[in-house]
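Observations on the three-dimensional arrangement
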Amino acid sequence: MPETPDPQVRKAIADRIRYYHDLGIYDFYRRPIEKSQPASAVTLPSTILDDTEVPTDMPKPRTAVATAKAADRESDLRLIREDIGDCTRCRLSKQGRKQIVFGVGNPNAELMFIAEAPGADEDERGEPFVGRAGQLLTNMIKAMGLGREDVYIANIIKCRPPGNRTPERDECETCSPFLMRQIEVIKPKAIVALGAVAAKTLLAVNAPMSELRGKWYDFRGTKLAVTYHPAFLLRDPRQKKETWKDLQMVMKDLGLPVPEKPQE
Ligand code: URA
C-alpha cells in the first residue's frame, strides 16, 4: 500500500502543483519515495523540472503568480529588444554608436528612472548609467533605500549621440516607441524623469527644470515626477538638496520609509 502523506504534505504538494501550473508546467510523474528520505521532503519531478525537492515551506501561490509574471515581463522585454535588432532607423546608427543601450533592471520594478541618452561609458558597456553620473544615480537609489536591482533604468534614446550632443527631436520620436513598450511591460508605479530632455519628451512640455520638478504628473496613467539629471548634479551639487526632496516625494508615494537625511 502506498503511504498517504499527511494533510500538511498533501497541501504542500497541491500548492506546489498550482505553482507549476502558474508557470505553465502541467506534466508530472511520481517517483517512489526512497526509504531514507524524510517524510517532509517528497520529490515531485516534472518533465521540465527534474529532481525538484519539495520542501514543506513552499512558496505561496501568490509568489508563484508573481514569479510567472516576472518571467512574462522578462520575455516581453526580450521581444522588444529583438524588435529593435541592430537598429538603423535613425542617423545615430551611422554616427559612431558602438551598441544599443536597451535598459537595465528589474522587469517587475515599481520605480523606473528615465534619462536622456547613453554616454561614452554606456555605449562601451551596453548598460545605462555606468559612468560617473551612473555612480551618483546608484547613490541616489541607495539613499531611497533601494538597489539598482530593484528599479529599472532606461533612456529616451538607446544610442549615444556623437559627442554626447542633445538628442534631436526626430531621434527621440523614432526611438521612444520602444521605451513606451518597455513602460507598458514593466508597469511601474512611478516614473522619475531625470533631466530636461526626458521630462520634456515624456510630458511634451517646454518649461525650465525649476518649474517642472517637485510635483506629480500623469503619464499615460502612471505617476511621473521630474528631477535633476545626475550629470547636472555633478556640475551643480547645490541642487542635490532639491533632488532629495523630489526623491522623498517619490518614496512617500511608494510607501518607502523616508529618513530625514539620505545615507552618505
Ligand atoms: N546620461 C544619460 O542620460 N543616460 C545614461 O545612461 C548615462 C548618462
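Everything quoted here is computed from the prediction, not taken from an experiment.

1. Side note on the layout of surface pockets
- Counted as a void, the largest pocket has a volume near 550 Å³.
- Elements that contribute at least two residues to the lining of the largest pocket include exactly helix H3 (120–125), helix H4 (132–143), helix H6 (196–203) and helix H8 (230–235).
- Looking at the lining of the largest pocket, the element that brings in the most residues is H8, giving four residues.
- Here the residues of the lining of the largest pocket sort into 15 nonpolar, six polar and six charged.

2. Examining helix H9 (residues 240–254)
- Taking 1.5 Å per residue as the helical rise, H9 with its 15 residues ought to reach 21 Å, and the 21 Å between its terminal C-alpha atoms agrees with that figure.
- Those residues of H9 lying buried are Thr243, Trp244, Asp246, Leu247, Gln248, Met249, Val250, Met251 and Leu254.
- Among the structural elements, strand E4 (111–115), H4, strand E6 (190–194), strand E7 (216–219), strand E8 (222–227) and H8 are those in contact with the buried residues of H9.
- Phi turns positive, to about 75°, at glycine 255, one or two residues after H9.

3. What to know about H6
- Listing the buried residues of H6 in full gives Val197, Ala198, Ala199, Leu202 and Leu203.
- On the buried face of H6, the contacting elements are E4, helix H5 (169–186), E6, helix H7 (209–212), E7 and E8.
- Of the residues flanking the end of H6, it is alanine 204, one or two places downstream, whose phi is positive at about 50°.

About the cut-offs
Residues numbered from 1 in each chain as written. Predicted model: local features only at pLDDT ≥ 70, side-chain atom pairs only at ≥ 80, totals over all residues. Heavy atoms only, no water. 1 Å grid on protein atoms, 1.4 Å probe; cavity = no way out; pocket = protein on both sides within 12 Å on 5 of 7 lines; lining within 4 Å. Points joined across faces, edges and corners; volume = space filled by probe spheres on them. Helix = DSSP H or I, 4+ residues; strand = E, 2+ residues; numbered from the N terminus. Nonpolar A, V, L, I, M, F, W, Y, C, P; charged D, E, K, R; others polar. Expected span 1.5 Å × (residues − 1). Buried < 20%, exposed > 50% of the residue type's maximum accessible area, 1.4 Å probe, protein only. Contact = heavy atoms within 4.5 Å.

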